Amino acid sequence: MEQQLHEASGTTHRHNGGEMANGVTFSITELAEEFGLTTRAIRFYEDKGLLSPERRGQTRIYHPRDRARLTLIVRGKNVGLALAEIKEILSLYDQHDGCETQNRVAVGKFRKRIAQLDEQRREIDLQIRTLEESCARLEAQIVEQVKAAGNGAAAAKSTARPAKTKKPEKAIV
């Protein structure tokens, strides 16, 4: 996790088309555009204690560490972690243990999420099998109904009064 945080904050990276030095900062609008988020979502993450940008008056100034944390927030949300879980993982970054605690907690949460997704997959597979069996059974019933309706129509024709037809003309031989 620490490595991800350092990689995501990198000492240099591309920003606005150019190389930026370690002192780079980001506006809320720049981060919103980069991550495909709304500025409201980023402010929400701040309200929840996941981000803590520098303030200059009313302006939020985001540093590479904030950007890295936002990267991890978005990744966590994408795999279905709750914000409380993400916050817990991020809060363990500064434990001064080489991120061992943070990594152990993250692995535990990731394994739990994998188990949840595996269970959902089993449930989805069962639902798909049930629906496929139901479709096959109903389609067979439809075929039988069409056959029965066809046989019923043929039987109805044979018992119906014949339609009036012209008398056949005599053939000239």
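What you see is a predicted model, and the numbers here were worked out from it, not measured in a lab.

## Some points on the overall build of the protein chain
Next up, step 1: Scanning the protein chain from N- to C-terminus turns up 6 helices and 4 strands.
Next up, step 2: Reading the secondary structure of the protein chain in the N-to-C direction produces α-β-β-α-α-β-β-α-α-α.
Next up, step 3: Evaluated residue by residue, the protein chain yields a buried proportion of 27% over its 173 residues.
Next up, step 4: Across the protein chain, every contact between residues at least 6 apart in sequence was considered, and the portion connecting residues at least 24 apart equals 51%.
Next up, step 5: As displayed, the protein chain offers around 12,700 Å² of accessible surface, 54% of which is attributable to carbon and sulfur atoms.

## Thoughts on unusual backbone geometry
Next up, step 1: Backbone geometry at His96 places phi at a positive 60°, although glycine is not the residue there.
Next up, step 2: Structurally, His96 can be placed in the loop between α5 (83-91) and α6 (100-159).
Next up, step 3: Accessibility expressed as a relative area gives 78% for His96, which makes it exposed.
Next up, step 4: At Cys99, a residue that is not glycine, the phi angle is positive and equals roughly 70°.
Next up, step 5: Relative to the assigned elements, Cys99 resides in the loop between α5 and α6.

## Let's talk about the confidence of the model for the protein chain
Next up, step 1: Per-residue confidence for the protein chain gives a mean pLDDT of 83; residues scoring 70 or more make up 75%.
Next up, step 2: For the protein chain, strand β2 (residues 18-20) is the element with the lowest average pLDDT, namely 39, and helix α3 (residues 39-47) is the one with the highest, namely 97.
Next up, step 3: Scored below 50 in pLDDT, residues 5-21 makes 30 contacts in the model with residues more than four places away or belonging to other chains.

## Some thoughts on α3
Next up, step 1: Among the residues making up α3, those that are buried are Ile42, Tyr45 and Glu46. One side of α3 holds all its buried residues, which, seen down the axis, span an arc of 105°. Structural note: α3 exposes Arg40 and Asp47 on the side pointing more than 90 degrees away from its buried face.
Next up, step 2: Tucked into the core, α3 has its buried residues touching α2 (28-35), β3 (54-56), β4 (59-61), α4 (64-78) and α5.
Next up, step 3: In the stretch just after α3, Gly49 is the one whose phi turns positive, near 85°.

## What about the nonpolar core?
Next up, step 1: Core analysis: the largest hydrophobic core is formed by 21 residues, its most contacted members being Ile42, Leu70 and Ile73.
Next up, step 2: Of all the secondary structure elements, the ones that give two or more residues to this core are α2, α3, α4 and α5.
Next up, step 3: If near-sequence neighbours (up to four positions away) are discounted, Ile42 is found in contact with Ile28, Leu31, Ala32, Leu37, Leu51, Tyr62 and Leu70.

## Describing the packing of α4 against α5
Each pair of packed helices can be described by the angle between their axes along with the distance between the axes.
Next up, step 1: Between α4 and α5, the shortest axis-to-axis distance is 10 Å and the interhelical angle comes to 140°. Put simply, α4 runs oblique to α5. For the pair α4 and α5, the crossing hand works out as right-handed. Across from Arg69, Leu72, Ile73, Gly76 and Lys77 in α4, the residues of α5 making contact are Leu83, Ile86 and Leu90.
Next up, step 2: For the contact of α4 with α5, the class distribution of residues is 5 nonpolar, 1 polar and 2 charged.

## Observations concerning the side chain of Lys109
Next up, step 1: Considering the arrangement of structural elements, one finds Lys109 in helix α6.
Next up, step 2: You can call Lys109 buried: its relative accessible area is 15%.
Next up, step 3: Within polar-contact distance, the side chain of Lys109 engages the side chain of Glu88 at 2.9 Å.
Next up, step 4: Other than its neighbours up to four places away in sequence, Lys109 contacts Leu81, Glu85, Glu88 and Ile89.

## A word on α2
Next up, step 1: Among the residues of α2, those classed as buried are Ile28, Leu31, Ala32 and Phe35. Mapping the buried residues of α2 onto a view down its axis gives an arc of 100°, with all of them on the same face.
Next up, step 2: Where α2 is buried, its residues touch α3, β4 and α4.
Next up, step 3: Backbone geometry just after α2 places Gly36 at a positive phi near 70°.

Calculation notes
Residues numbered from 1 in each chain as written. Predicted model: local features only at pLDDT ≥ 70, side-chain atom pairs only at ≥ 80, totals over all residues. Heavy atoms only, no water. Helix = DSSP H or I, 4+ residues; strand = E, 2+ residues; numbered from the N terminus. Buried < 20%, exposed > 50% of the residue type's maximum accessible area, 1.4 Å probe, protein only. Contact = heavy atoms within 4.5 Å. Areas by Shrake-Rupley, 256 points an atom, 1.4 Å probe, with all protein chains shown as cover. pLDDT = per-residue confidence, 0-100. Arc of directions from axis to C-beta. Core = buried A, V, L, I, M, F, W, Y, C linked by side-chain atoms within 4.5 Å. Axes fitted to C-alpha atoms, helices over the stretch in contact; angles between N-to-C directions. Parallel < 35°, antiparallel > 145°, perpendicular 65-115°, else oblique. Left-handed = near helix turned anticlockwise from the far one by under 90°. Nonpolar A, V, L, I, M, F, W, Y, C, P; charged D, E, K, R; others polar. Polar contact = N/O pair within 3.5 Å; in protein donor to acceptor, adjacent residues only side chain to side chain.

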